[in-house]
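Inside the fold
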Amino acid sequence: MADDKLSLLDTNTMNPKPARLSKLHTSPTLGELLMRVEDAQSDTSGPNTPRPPHRVLDLTYACSSVPPSYPFVLSFNNLTYSVKVRQKMSLSSCFSKNNTTFDNSTLISKVLLNDISGEAREGEIMAVLGASGSGKSTLIDALADRISKESLKGSVTLNGEVLESRLLKVISAYVMQDDLLFPMLTVEETLMFSAEFRLPRSLSRSKKKARVQALIDQLGLRNAAKTVIGDEGHRGVSGGERRRVSIGIDIIHDPIVLFLDEPTSGLDSTSAFMVVKVLQRIAQSGSIVIMSIHQPSYRILSLLDRLIFLSHGQTVYSGSPTSLPRFFAEFGHPIPEKDNRTEFALDLIRELEEDPEGTKSLVEFNKTWQAKKTERNNNCHDGPKLSLKDAISASISRGKLVSGAPNNSTLASSVPTFANPFWIEIMVVAKRSLTNSSRMPELFGIRLGAVLVTGIILATMFWQLDNSPRGAQERLGFFAFAMSTTFYTCAEAIPVFLQERYIFMRETAYNAYRRSSYVLAHSLISIPSLIFLSFTFAATTFWAVGLAGGLQGFFFFLFTIFAAFWAGSSFVTFLSGVVSHVMLGYTVVVAILAYFLLFSGFFISRDRIPPYWLWFHYLSLVKYPYEGVLQNEFDDPVKCFVRGVQLFDNSPLGMVPNSLKVDLLKSMSKTLGMNITSTTCVTTGLDILKQQGITDISKWGCVWITVAWGFFFRIMFYVSLLFGSKNKRS
């Protein structure tokens, strides 16, 4: 709906708004605007600067005059959205005579949006206002396609054409309320990585750098360009600077539509004004800016073009800020001259919400008001509007990148799903992760220290085991503990993805890169560290414990350790994609790994496991590397572990003199009809493998199955991201 009035603001503290009588399709793009517009800080005046009285000049369009032309118009009609919530049951109702049964599954429908309509135009900022719980964020999510189509009623169109999800992802961006950034990257690096993701391959790196530098100046971040973002443990940029960086990473590709969820939340007045001033410049570059805001200041209000006030999901006002005084005056509650308009409106809405009738009267008055305005606007006829295809083509020709589409392409090809090919995404994701983690070496150092200390303890505990019956039993204990340790040390991977989860969801929601690129990149960059950890553990324990096989045996042991690290890391990574809480993730990992060890075959051999639990034995990740290293140690048919009198070592007869043991062997020889002396080999390594039930899979088969488990869980991690990170309300 077109506003019937325009306002010209005459102040010394901010630039006056031009009456939009010229066509906005000649407005400069963001890339051009960044190079010539003064920094936002220059728009803030000192606290002692005298300010002339504010004057508003209303210019009413005559029907004969030429109305402005808007290449992009985002319209939304009759948006309605409700959710099912569990009904709260009072204690008295549970024991009332009429309540013979208690149904815990009683659900009621709660309306979050109720028949919301409006439009946002290129070159303008539309702000959604209201108290907490009024539906501000829900409306932004509805317009940004973050609510499932099945649940949301109504329509959202761009230039009269229904917006498809694929198209909207490419031409829009969504800035979340929380600043989700990599803590150890600098401001400049953060924006540069965003440029690598969102800007096309056809754009040279020097041009991408120039674009980043211009954006840094526009956002007022020049002094913080080389400062890391920071977190709780690392000092970084301020809150206002973090917010501007969050906006910057989403506008680097110059989107046509920009959604923001309370971008000024938690900022001081000056920082908030600077943020909205930046948004105004983005809008003037040829974008539609739609944001929610809690309570804008007087200066911020002067930058806004359209307002929508919500109360319990219903529209109580929709129009320009300049129409607010007349609207509430006709409603019977005129705004005092010295009062902030939005503060007065929000306070009045809160008062009405506390009334038994609620805001029903205001909602009905707004409908009447909108009907009158629509009737006036219908008497005037706008010029022909551009189709969506022509508007996008015109936008691209003016320099808006839109993922780097060529000028002469059709609509379908002008909005490719991703800006870059698969392999470039992998390189950028890997480089960013390595850069961020390399500045926190303590994380890998702690894991390396845990592996090294465990290796030293095992090496000194099981120092140079002999080939006696006890030595054989101690080898079994060493291998069981060593293999389980490799899996438990992988638990540190749980917080890695959980810390990146919301960054990943934000970036993939608008097609910064493919989910498969993320999974593959993180799989590849994990391999070098796993190799180093594996070599550290193997080199510390293999020769110190006195394991068999020489150099060939060492490399097999090393490869098995690596396979175990790979499978364990993949398993924990998969769980981090399913479980959203760190402590819950640790609990689940520790419990499942304990079950894997229980069913690995160390505590009870496969032949002794009850049939109804045998399936878990084959699912155990510890089983396969454990059986592999056992075969590497005991597969020599010549090597003997029990000779003659050693037969009695693990029995009560082990305490009797050796001479008596020799006599017992002679007696056994006569009974069995075979000669058993004190040096006769009774048990070889192959016999030990049979006793442990390790006969069905070869040692290399065990290793390759372990590696396959790792790939399986990486694929499952991808599936969990594919279906678990839709970033949409149901």
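Rules used throughout
- Residues numbered from 1 in each chain as written.
- Predicted model: local features only at pLDDT ≥ 70, side-chain atom pairs only at ≥ 80, totals over all residues.
- Heavy atoms only, no water.
- UniProt positions renumbered as here; feature names shortened; annotations may be inferred.
- Disulfide = S-S within 2.5 Å.
- Helix = DSSP H or I, 4+ residues; strand = E, 2+ residues; numbered from the N terminus.
- Pairing = 2+ DSSP bridges.
- Axes fitted to C-alpha atoms, helices over the stretch in contact; angles between N-to-C directions.
- Contact = heavy atoms within 4.5 Å.

The name given to the protein chain in an unreviewed UniProt entry is ABC transporter domain-containing protein, with Fagus sylvatica as the source organism. UniProt, in its Subcellular location (unreviewed entry) section for the protein chain, records the words "Membrane".

It is worth spelling out the state of the cysteines at this point. In this structure the tally under the stated criterion is 1 disulfide. Disulfide pairing is shown between Cys640 and Cys681; the S-S distance is 2.2 Å. Judged by the sign of its S-S torsion, about 110°, the bond between Cys640 and Cys681 is right-handed. Of this pair, Cys640 sits in strand 13 (residues 640–643) while Cys681 sits in strand 14 (residues 681–684), placing them 41 residues apart in sequence.

The strand order across the open sheet built from 6 strands is 8-9-10-5-11-12, with neighbouring strands paired in mixed fashion. One side of each edge strand has no neighbouring strand; the edge strands of this open sheet are strand 8 (172–175) and strand 12 (314–319). Ignoring strand direction, the axes of neighbouring strands in this sheet form an average angle of 15°. In terms of strand pairing, strand 9 (residues 257–261) meets strand 10 (residues 288–292) through 5 bridges, oriented parallel. Its bridge partner lying in strand 10, Asp261 is registered against Ser292. Helix 8 (residues 269–284) contacts strand 5 (125–129), strand 9 and strand 10 of the sheet and is inclined by roughly 150° relative to strand 10.

We now examine the sheet that holds strand 3 (residues 73–86). Pairing between sheet strands relies on hydrogen bonds along the backbone, with the strands arranged either parallel or antiparallel. If you walk across this open sheet you meet the 4 strands as 4-3-6-7, and the pairing is antiparallel. Pairing within the sheet leaves two strands with one partner each, and these edge strands are strand 4 (107–121) and strand 7 (161–162). Here 11 bridges tie strand 3 to strand 4, and the two strands are oriented antiparallel to one another. What sits directly across from Ser75, in strand 4, is Glu119.

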